Amino acid sequence: MTVITDWYRDQTILVTGGTGFMGKVLLEKLLRSCPGVRRIYVLARAKRGTAPSARIEAMAKLPLFENVIKSNPNAMKKLVAVECDFSQPDLGLQKEIRRQLISEVTLVFNMAASLRLEAGMKDAIANNTTGTKRILDLCLQMKHLKAFTHLSTAFCHCEFDVLEEKIYPPPHNPHDVMRAMEWLDDKSIEMITPRLLGPHPNCYTYSKRLTEALVNEYRDRIPVSVFRPSIVIPTYKDPIPGWVDTLNGPVGVLVAAGKGVLSSMMCNEKYQAEVIPVDIAINAILIATWKLAVDKYQEVPVYNVTTGSLVSITWGDVMVKGIKLIRENPFEVALSYPEGHTRTNWLYHYLWIMIFHYLPAYLIDFLFLLARQKRFMVRVQKRIMVGLDVLQYFTTRPWYFKNDRFLSFEKNLSPEDRELFYVTNTDYDVDKYLLHAVLGVRQYCVKEPLSSLPKARRLLFILYCIRCITRIAFFSFLVWLLLKYVESARVLLNYSTEMLQHLPVVGSLVPRDLESSTTSSFQ
């Protein structure tokens, strides 16, 4: 037992968003590294006809929890699924469950959020801001609450050149916006959304900014802290290197490129890739929650959880290394040879997309139509473009985060805690990590075992040969066109010269020997 794990002993914890990517890693870390926790309530909604309890049971079958179950087969019994609805007053909780939470819970991790960056204003406010307010109101009634940790994002204050670890004033009153979303109709909300967003690229970052201000309002009544991670990516090493189960962000780009349906994106290759492995972010959250309960803060502690000052890697490095690793460890099924190009010219990028993405997609769907098969390629391309349009805002701008508070986490920790809850005291081997990430995406997201790699490499060689043949054919066709129409071009130029010579003013400026010189140059 370490100081931190001993402090978590007998704690009753409430987690929102526990079925999400970061939520699952948090639950696994608590069960494995803090085995003394008494109980963990997981607030979740029914999804596609699956009850929250069934969703929690399904989590036990994930590779992520294998080490936990091996060391303690009964560990998963500490997870208690609680069905709720964040859109309903009092979260839609049953009265008995609500009384139980109020009397037992000591720690709250608020990680629930709608990560659909393309979502509209009404949905974003309802899920991210109003939902958090209902959780905070529930926390006000908790008799033994020691800490409330809120998960935000490092990109919710995009108008600042440098983001400091502090609460910023909101652009609008969160309560006014929440009320407006309740009584305005969809058309009116759509009309006022651009004015509300201001510099924000989407409704997600705007709603997260309002939520930070809302959490700050409760600082005098409950102990609160705010966490701002950058783009969260697969685990670095704990409990499984490269584990991930979501296609959001760079992981989705990786899969699309590996499948051969994406070869270009708007991205400045010179800018720092602001990313954070999920296990390091979770370790920092657990340390900060412990510090929040033990130390007494006059202001709300805010943590910019970023690794830009620890690991220097650009988007260009990520793209080059990632494509190389994908070609060495390809997917079982791909439509074309994997390529990746970063561009800063919007016209060039969209021209490439139209020629090499949409045209082949329409051609494939047309062939499917002739074969009376279900068409899907155009739909897939449109979904990829929607995701890219949102992500490209973050990859075409430089971001600067002050994270002194985050970097100072381990200064006063014991050696055992530093080892167990590693944040900065680890060797960041980028090449090794990217390899684990590619293999992790392949196994845990795409569900392709490593045993299929030899077969996938043979397919990749075939795709490479097809690419070479098609490119040779394409450029041969261009040369043929040039040779075929060069005579026509010479005749047209001669005719234009003759026309210019007959013009009153311009004709005097055209040399009489131009026609002969033009003819000789073509010959």
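A brief structural summary.

Here is what the cut-offs are and how they apply
- Residues numbered from 1 in each chain as written.
- Predicted model: local features only at pLDDT ≥ 70, side-chain atom pairs only at ≥ 80, totals over all residues.
- Heavy atoms only, no water.
- Helix = DSSP H or I, 4+ residues; strand = E, 2+ residues; numbered from the N terminus.
- Buried < 20%, exposed > 50% of the residue type's maximum accessible area, 1.4 Å probe, protein only.
- Contact = heavy atoms within 4.5 Å.
- Areas by Shrake-Rupley, 256 points an atom, 1.4 Å probe, with all protein chains shown as cover.
- Lys, Arg positive; Asp, Glu negative; His and termini not counted.
- Charge placed at Lys NZ, Arg CZ, Asp CG, Glu CD.
- Polar contact = N/O pair within 3.5 Å; in protein donor to acceptor, adjacent residues only side chain to side chain.
- Salt bridge = Lys/Arg side-chain N within 4 Å of Asp/Glu carboxyl O.
- Axes fitted to C-alpha atoms, helices over the stretch in contact; angles between N-to-C directions.
- Parallel < 35°, antiparallel > 145°, perpendicular 65-115°, else oblique.
- Phe/Tyr/Trp six-rings, centres within 6.5 Å; stacked < 30°, edge-to-face > 60°.
- Lys NZ or Arg CZ within 6 Å of the ring centre and 35° of its normal.
- Pairing = 2+ DSSP bridges.
- Disulfide = S-S within 2.5 Å.
- Core = buried A, V, L, I, M, F, W, Y, C linked by side-chain atoms within 4.5 Å.

### Looking at the overall build of the chain
Tallying secondary structure elements over the chain gives 20 helices and 11 strands in all. Structurally, the chain occupies a C-alpha span of about 100 × 55 × 50 Å along its principal axes. Counting the 523 residues in the chain, one finds 50% classified as buried. The long-range fraction of contacts in the chain, counting pairs at least 24 apart against all pairs at least 6 apart in sequence, stands at 83%. Split by element, the accessible area of the chain, about 26,300 Å² in all, is 57% carbon and sulfur. Averaging the coordinates of the 63 positive side-chain charges in the chain and doing the same for the 51 negative ones gives two points 5 Å apart.

### With respect to the environment of Thr-396
In this fold, Thr-396 is placed in the loop between helix H14 (377-395) and helix H15 (404-407). By relative accessible area, which is 23% here, Thr-396 ends up partly exposed. As for Thr-396 and Pro-301, which are separated by 95 residues in sequence, their C-alpha atoms are 30 Å apart. Discounting residues that sit within four places of it in the chain, Thr-396 has contacts with Met-266, Cys-267, Asn-268 and Tyr-271. Looking at Thr-396, its side chain comes within polar contact range of the main-chain oxygen of Gln-392, at 2.7 Å. In this structure the side chain of Thr-396 is engaged in a polar contact, spanning 3.3 Å, whose partner is the side chain of Arg-397.

### Brief notes about the pattern of salt bridges
Counting across every chain of the model gives 21 salt bridges. The shortest N-O distance in the salt bridge between Glu-339 and Arg-467 comes to 3.4 Å. Highlighted residues: Glu-339 in the loop between helix H12 (315-328) and strand E11 (341-343) and Arg-467 in helix H18 (residues 453-501), separated in sequence by 128 residues. Judged by relative accessible area, Glu-339 falls into the buried class, the value being 13%. Where Glu-448 meets Arg-442, a salt bridge forms, and the shortest distance between an N and an O atom there is 3.8 Å. There is no split in this pair, since Glu-448 and Arg-442 are both buried.

### Section: the packing of helix H13 (residues 346-370) against H14
Packing of H13 against H14 leaves a shortest axis separation of 8 Å and a crossing angle of 160°. The pairing of H13 with H14 is recorded here as roughly antiparallel in orientation. Note on element contacts: H14 touches H13 through Met-377, Val-378, Gln-381, Lys-382, Met-385, Asp-389 and Gln-392, opposite Trp-346, His-349, Tyr-350, Ile-353, His-357, Tyr-358, Ala-361, Tyr-362, Ile-364 and Asp-365.

### Topic: the packing of helix H7 (residues 174-183) against helix H9 (residues 203-216)
It is the contact of H7 with H9, at a shortest axis distance of 9 Å, that shows an interaxial angle of 130°. Between H7 and H9, the interaxial angle falls into the category oblique. Here Pro-174, His-175, Val-177 and Met-178 of H7 lie close against H9, whose contacting residues are Tyr-206, Leu-210, Ala-213 and Leu-214.

### Brief notes about the packing of aromatic side chains
Under the counting rule described, the total for this entry stands at 16 aromatic pairs. Ring geometry for Tyr-393 and Phe-394: centres 5.4 Å apart, planes at 85°, overall edge-to-face. Taken as a pair, Tyr-393 and Phe-394 share a single burial class, namely buried. Connected via pairs of aromatic rings, a cluster forms that spans Phe-155, Tyr-393, Phe-394, Trp-399 and Phe-401. For Arg-405, the ring lying beneath its charged end belongs to Tyr-303, and the centroid distance is 5.9 Å.

### Observations concerning the sheet that holds strand E5 (residues 147-151)
With parallel pairing, seven strands are arranged side by side in an open sheet as E3-E2-E1-E4-E5-E6-E10. Across the chains shown, the open sheet's two edge strands, defined by having one partner strand only, are strand E3 (79-83) and strand E10 (302-305). Across the sheet, the axes of successive neighbouring strands diverge by a mean angle of 20°, strand direction being ignored. Along the sheet, H9 contacts E5 and strand E6 (224-229); its crossing angle with E5, the most-contacted strand, is approximately 165°.

### Regarding the state of the cysteines
Cysteine pairs can be linked by a disulfide, which is a covalent bond between their two sulfur atoms. With the rule as written, the count across this model stands at zero disulfides. Free of any disulfide, Cys-267 has its nearest neighbouring cysteine sulfur in Cys-158, separated by 18 Å. Residue classification places Cys-267 among the buried residues on the basis of a relative accessible area of 3%.

### Notes on the side chain of Asn-202
With respect to the secondary-structure elements, Asn-202 resides in the loop between helix H8 (186-197) and H9. Within the structure, Asn-202 has its side chain in polar contact with the backbone nitrogen of Thr-205 (distance 3.0 Å).

### Details of the pairing of strand E1 (residues 12-16)
The buried count for E1 comes to five of five residues, which makes it a mostly enclosed element. Burial along E1 is two-sided: Thr-12, Leu-14 and Thr-16 and Ile-13 and Val-15, pointing in opposite directions, are all buried. Of the strand pairs in this sheet, E1 and strand E2 (residues 39-44) are connected by five bridges, and their pairing is parallel. Opposite Thr-12, over in E2, you have Arg-39 as the bridge partner. Where E1 and strand E4 (residues 107-110) come together, four bridges link them in parallel fashion. Paired with Ile-13 across the two strands is Leu-107, which belongs to E4.

### Overview of the side chain of Arg-442
By the secondary structure assignment, Arg-442 is in helix H17 (residues 430-445). A polar side-chain atom of Arg-442 sits 2.8 Å from the main-chain carbonyl oxygen of Pro-330.

### Observations regarding the nonpolar core
Ranked by size, the top nonpolar core spans 104 residues in total, and within it Tyr-8, Ile-13, Met-22, Ile-40, Phe-109, Phe-227 and Ile-282 carry the most contacts. The leading source of residues in this core is helix H11 (residues 278-294), at 12 residues. The next biggest cluster of nonpolar side chains, apart from the first, holds 42 residues, and it includes Tyr-41, Leu-101, Ala-112 and Phe-148.

Read these as geometric descriptors, not functional statements.
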